[in-house]
Structures are given as C-alpha cells and as structure tokens.
Amino acid sequence: MTPTELAALHEAHASDPHAFWLEQARRLDWVTFPERSGDTSFTRSDFHIRWFEDGILNLSANCLDRHLAERANDTALVFEPDEPGAGRSVTYAELYADTCRFAHLLKERGVGKGDRVMIYMPMIPEAAAAMLACARIGAVHSVVFGGFSPESLAGRIDDCGARVVITADEGVRGGKRIPLKANVDAACDLATGIETVIVVTRTGGEVTMCEGRDLRWEDHRDRLEADCPAEPMAAEDPLFILYTSGSTGKPKGVVHTTGGYAVWVATTFDWVFEPQVDDLFWCTADIGWITGHSYTLYGPLMAGTPTVMFDGVPTWPDASRLWETIDRLGVTILYTAPTAIRALMREGDEPVKKHRRESLRLLGTVGEPINPEAWRWYHDVVGDGRRAIVDTWWQTETGGVLMTPLPGATSMKPGSATRPLPGIEPLLVDAEGREIHGDDVSGNLCLRGSWPGQMRTVWGDPQRFIDTYFTTYPGLYFTGDGCRRDGDGDYWITGRVDDVINVSGHRIGTAEVESALVAHPLVAEAAVVGAPHDLKGQGIHAFVTLNAGEEGGEDIVRELHAEVRKHIGALAIPERIQFAPGLPKTRSGKIMRRILRKIAEGQLDQLGDTSTLADPGVVDALVRDR
Ligand code: 6R9
C-alpha cells in the first residue's frame with residue numbers, strides 16, 4: 001500500500017464511517033447486501049454490538065462457491081504434514097466436495113443451525129472441511145487445540161452444550177503421536193451429551209469405536225452427496241466459539257458472528273498481506289487458535305489465496321524445516337510467532353542460509369511482543385534484509401489484526417506494532433481511567449468504538465463479557481495489554497497487565513494453573529506468575545505451599561506436572577515450581593502477586609513496599625529459596 005492509499009483509507013473512515021464500512025463489506029458475496037453498518041453501545045443499560053445486521057450471507061460460500069466458476073481446479077490449500085514432503089494439494093472443487101459431504105453427515109446426525117460442534121483435530125485438510133461444513137449449515141464450531149487435555153475438552157463441551165465432536169484417530173507432531181480419539185473418549189466420559197463422534201483417519205493407529213456414537217469418516221465419505229446448499233445466515237448469527245484464558249476462572253467462550261467477522265478478516269487479509277496472483281500463504285498457526293481461524297483458513301480462502309496447513313513443528317526434523325518447506329512449496333508469505341523465530345535463531349544462520357528462500361516476499365509475526373533482537377534476525381537473515389515484516393498485534397477477541405505496519409506505507413521499527421489500521425482507535429489510559437494524551441507515554445491499551453471483527457459476547461455469560469472488557473474503563477474496550485506510545489506516535493505492546501501469561505504465544509490464565517495445582521491433595525495454596533523466558537517469551541513460575549508437615553521434592557513436582565497436564569494440558573506445565581512456606585498476603589488475605597512477579601523475575605531489589613504484608617517474613621524465605 002502507498003502512503004497516499006493509507007491516508008485515503010483513514011480519511012474515508014473519518015469522514016463517513018458508515019460508507020467506509022459498507023465499502024469493506026463489498027469484498028464479500030452477500031445473499032442480501034446490508035444497508036446498516038455498525039450499531040454499538042457499551043453502556044450497561046443498553047449494551048450491544050451489531051454489524052451489518054440486515055445482511056445475509058454464508059461464510060463457507062465466500063470461501064468456496066465464489067471460486068468454483070473460474071478456478072475450481074486451483075489449489076485452495078496445501079497440506080504439509082509432520083513428515084516433510086508427504087503432503088498434498090487440495091483444490092477448491094475438492095475442498096467444496098468434502099465440505100458438503102461433512103455438512104450432510106452432520107445433518108444426518110441431527111446438527112442444524114445454531115447447534116455447537118466441537119472440532120479436536122490435527123492440521124489436516126479434513127479439519128478445514130469440518131469447519132467450513134459447520135459454517136455451511138449454520139452450526140457453530142468450537143475448535144479445541146489438540147494439546148489440551150480431555151478434561152479441558154470436556155469443560156468446553158459442557159460449557160457450550162455440543163452434541164458432536166469431530167476428531168482424528170491420532171495426531172502427529174515432531175515425530176510423536178497424539179492420541180486424539182482416546183482423549184475424546186476420556187472427554188466424553190467426563191462431559192454430558194455427546195451423541196456423535198466423527199473420526200477421520202490420520203495415522204491408522206488403533207482406536208476404540210463406541211457403537212452407535214462413533215463413526216469413521218472414511219466409511220461414509222463416498223456415499224455422501226458432494227453438493228450441499230449453503231444456509232443463508234444473518235450477519236449476526238454466531239459463527240464460532242473459541243475458548244480463551246482470562247484473568248479469572250475458567251476459559252471463556254469468545255463468540256464471533258458471521259458478517260462482521262468475515263468482513264474484518266477479508267479486509268485485514270487484504271490490507272496487511274496484499275495478496276497477489278502467485279502467492280502461497282503460510283501461516284504456521286494451528287486452527288485451535290484465533291490466528292489459525294482467521295489467517296490459516298478463512299482469510300486466504302475468502303481471498304482465493306492458496307494457504308498452507310502445516311501439521312508439524314518448526315524445529316522438526318531439524319531447524320531448517322521452515323526454510324526447506326518454503327523452497328519446496330514456493331511459499332511467498334510467512335506468518336509465524338516470535339517464539340518460533342527465537343527457537344530457530346538459537347540454531348544459527350546456517351540452517352536458513354542453506355535454503356534460498358527466493359519465493360518469499362513478506363514476513364509476518366503475531367502472538368506476543370517480538371524482541372528487537374529476534375526481529376532483526378528475522379529481517380536480516382530470514383528476510384535477507386530486504387523483506388518487510390508485519391508485526392501484527394491483535395487478540396482472539398478482536399477477530400483480526402488491529403495494529404501493524406503496512407509495507408510501503410508505514411516505516412517499520414523492530415519490536416513495534418506501530419500504527420492502528422484504518423477504523424481502529426487505540427488509546428492509553430492510566431490506572432484511574434484517564435486518557436493519557438501526547439507521545440512518549442505508557443499506559444493500559446484500550447480501544448474506542450467498535451470494528452466489525454469485535455467479539456460479540458462470552459458464550460452463555462453476556463454479563464461476564466461486559467464485566468471483563470467494559471467495566472475497568474467504562475465506555476471503552478480494555479485489551480488487557482500494557483502499551484507505550486513513543487515519540488513518533490508508534491505503539492509498542494509491552495505485554496499483559498492482567499493475570500494472563502503468554503507462553504510461546506499461548507494465553508494461559510494464572511487462575512487455571514492455580515486451580516490445577518491445588519487439586520493435588522498435598523497442596524494448601526498456589527500462586528502463579530509469569531517470568532521472562534528466552535524462548536517462550538514468558539514461562540510459568542508457580543509458588544506452592546504444601547500442607548503443614550509436608551516437604552516439597554522431585555516426586556511432588558512430577559505429580560504437580562501431571563496435575564496440570566490432566567486439568568489443562570502439557571502447554572501449561574510450569575517452568576519452575578518453587579515450594580514456599582507461605583505466600584505474601586495483605587492483611588485482608590489477598591495474595592500480592594506484584595511481589596511474587598518481582599521474585600520470579602529476579603528483581604529482588606524492586607520488591608517495593610512489603611510493610612503492608614500480614615507477615616513480611618515470608619518474602620525473605622521466598623527470596624532465599626529462589
Ligand atoms: C492473535 C493472538 C492475544 C495477546 C495480546 C497480546 C499478545 C499478540 C502481538 C502481541 C505484542 C504482537 N500479542 N500479538 N503482543 N505484539 N504483535 O495472538 O491472539 O491468543 O488471543 O493473544 O497476545 O498480549 O493481548 P491471542
């Protein structure tokens with residue numbers, strides 16, 4: 001984009017937002033084009049967020065049907081499995097056919113508009129078809145990352161009342177098998193109401209099939225009709241639920257609706273990546289996360305840009321996996337996470353340099369702040385110093401990118417997401433909720449107004465949505481992120497300011513880890529904080545107080561790891577478990593995480609005022625045992 005084009009977009013939004021948003025909506029195929037754009041109010045008495053409310057459309061038709069006339073046999077997605085080079089391409093016609101077959105199978109099992117369907121799958125083409133099939137018939141998909149435990153899956157099933165799970169026999173990552181179907185079986189024992197489990201064959205590994213409940217995709221695929229009409233959906237009909245960790249309690253079901261989400265993803269995909277005819281787009285995010293929804297799947301499919309579905313890890317079989325794959329497939333845009341960049345940077349330049357990466361034209365990063373050192377390596381070594389980097393800041397809640405430099409229009413700064421996209425109004429506020437004006441300032445990042453991709457509610461708990469995001473600073477959406485605006489007016493996200501830890505770009509709630517730890521019978525109390533980690537960005541540091549008379553040791557550490565793996569998943573296992581005789585508390589009994597954070601960070605000279613503690617002595621013990 002040129003600076004003039006970007007300025008024109010900002011100007012168009014400022015002068016007539018209604019026309020601006022309807023203009024963006026024209027990117028999609030609508031059954032009925034909307035006359036309304038945004039209608040939002042964040043007041044307690046009349047809270048609502050609606051976009052393109054009178055519009056009617058179907059997202060799966062926008063991803064598939066619209067391409068069939070002219071390019072049915074073009075590549076829609078490229079499956080790149082764990083085993084390098086063992087993948088295949090899937091055309092729009094093929095993806096359309098499988099989507100329709102899945103849609104019929106779901107309908108046969110009684111799934112209709114508004115019903116929730118869980119998807120617990122590896123990154124295989126059938127997962128894309130399953131998601132698109134839900135969208136096609138108006139069912140609400142809820143994808144759960146394969147790294148989450150059966151108990152986590154069960155909690156999500158119960159929360160949204162799903163009756164169907166789509167899974168695979170096993171996943172394969174980094175040469176290791178993941179027992180997805182067995183996990184689903186365990187989840188079904190814990191949850192209520194699952195009537196159907198559809199199992200796709202990935203490895204052919206042995207699984208138990210439960211008569212009447214489970215069916216094999218391959219046993220039905222060929223008999224199912226490869227055509228299925230797309231259900232006309234109101235723009236505000238829910239499209240999906242994606243669970244994400246917050247600062248309190250169990251994960252919340254973030255609800256995105258059809259029209260606004262689709263418009264925002266299509267718009268941002270176009271602005272940020274400027275797709276071109278010969279592009280092959282590779283976003284390494286799993287469909288279990290929002291980035292996988294918006295930019296591995298929906299964004300590129302809507303745009304007609306072939307997209308890579310990668311079912312592996314960047315460091316397997318070796319550190320040149322990404323670069324070897326880029327050369328073999330001819331990838332033009334790579335969109336990945338800082339944690340992957342740091343892990344690969346550690347392996348040196350040689351694994352990168354031995355591949356040419358000629359096809360690459362643009363690099364992107366997402367998920368956590370990127371440290372300038374990693375940014376420079378990404379730019380200089382991976383990008384040979386000549387490819388732009390889009391450092392895209394956004395959240396599960398925002399549906400798509402909100403801040404990023406735009407190649408050609410914004411100058412890049414290593415570590416800064418720079419500027420908001422047109423239509424997005426960030427502001428910084430202080431602890432008292434006052435807006436901080438001017439430049440070279442820091443505060444909590446909020447957003448004024450709304451944009452089409454904004455989440456609509458928390459599934460089953462609309463009050464929690466309002467309480468979590470709109471009460472800290474009334475009238476504003478609070479992101480949970482801290483942020484600096486530098487002297488040039490560019491934004492630098494400094495990380496979460498709430499009790500969310502960003503481990504390798506994955507959001508983990510401290511409350512969830514704490515409740516997993518205290519589930520162990522010997523644990524009296526636990527407090528969990530984030531601490532800087534070279535590769536993961538943040539690691540989890542857990543302070544655990546055992547019951548009186550119990551002594552911490554390796555055995556208990558192992559048991560606590562198992563506890564976290566059971567309740568959440570291996571991704572939430574603490575980096576460090578520190579046994580503590582007591583936790584620092586105020587006289588009213590509140591744990592002072594500020595102090596624990598400083599101890600975990602090793603900033604022992606910055607513990608601040610400890611005089612208000614009920615027992616200042618506990619801090620000395622924590623510092624000593626650190
Ligand atoms: C898309 C996604 C959201 C949180 C967000 C922030 C962090 C994401 C970032 C970034 C700095 C970036 N984050 N992108 N921080 N620079 N470019 O990651 O969604 O999983 O919901 O995480 O990730 O802290 O609040 P989600």
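Just above sits the structure.
Thresholds, definitions, all that
- Residues numbered from 1 in each chain as written.
- Predicted model: local features only at pLDDT ≥ 70, side-chain atom pairs only at ≥ 80, totals over all residues.
- Heavy atoms only, no water.
- 1 Å grid on protein atoms, 1.4 Å probe; cavity = no way out; pocket = protein on both sides within 12 Å on 5 of 7 lines; lining within 4 Å.
- Points joined across faces, edges and corners; volume = space filled by probe spheres on them.
- Helix = DSSP H or I, 4+ residues; strand = E, 2+ residues; numbered from the N terminus.
- Nonpolar A, V, L, I, M, F, W, Y, C, P; charged D, E, K, R; others polar.
- Core = buried A, V, L, I, M, F, W, Y, C linked by side-chain atoms within 4.5 Å.
- Buried < 20%, exposed > 50% of the residue type's maximum accessible area, 1.4 Å probe, protein only.
- Contact = heavy atoms within 4.5 Å.
- Near = heavy atom within 4 Å.
- Polar contact = N/O pair within 3.5 Å; in protein donor to acceptor, adjacent residues only side chain to side chain.
- Areas by Shrake-Rupley, 256 points an atom, 1.4 Å probe, with all protein chains shown as cover.

A. Fine view of empty space enclosed by the protein. Applying the stated rule across the entire model yields three cavities of 30 Å³ or more. Approximately 40 Å³ is the volume found for the largest cavity. Around the largest cavity sit Asn-58, Leu-59, Cys-134, Ala-135, Gly-138, Ala-139, Met-233, Pro-238, Leu-239 and Thr-258, which together line it. Every element with two or more residues in the lining of the largest cavity is listed here: helix H5 (125-137) and strand S14 (238-244). Tallied by class, the residues present in the lining of the largest cavity amount to seven nonpolar, three polar and no charged. The space that makes up the second largest cavity amounts to roughly 40 Å³. A per-class count over the lining of the second largest cavity returns six nonpolar, one polar and one charged.

B. Here's a closer look at the nonpolar core. One finds Leu-95, Leu-106, Ile-166, Phe-273, Tyr-295 and Tyr-298 to be the most contacted residues of the largest nonpolar core, which totals 159 residues. Contact partners of Tyr-298, with chain neighbours within four places excluded, come to Leu-59, Cys-63, Met-131, Leu-132, Ala-135, His-141, Tyr-261, Val-265 and His-293. Within the second largest apolar cluster, 25 residues are counted, among which are Leu-334, Ala-374, Trp-375 and Tyr-378.

C. Main features of the site of the ligand. Close to the ligand lie 17 residues, the nearest being Asp-391, Thr-392, Thr-396, Asp-481 and Arg-507. At 2.8 Å, a backbone N or O of Thr-392 approaches a nitrogen atom of the ligand. In the environment of the ligand, an oxygen atom lies 2.7 Å from a nitrogen or oxygen atom belonging to the side chain of Arg-507. Out of a free accessible area of 530 Å², the ligand has 97% covered by protein chains. Elements with a minimum of two residues in the shell around the ligand: helix H10 (290-303) and strand S25 (491-496). Along the lines of polarity and charge, the residues of the shell around the ligand split into six nonpolar, six polar and five charged.

Read these as layout, nothing more, since geometry by itself doesn't imply function.
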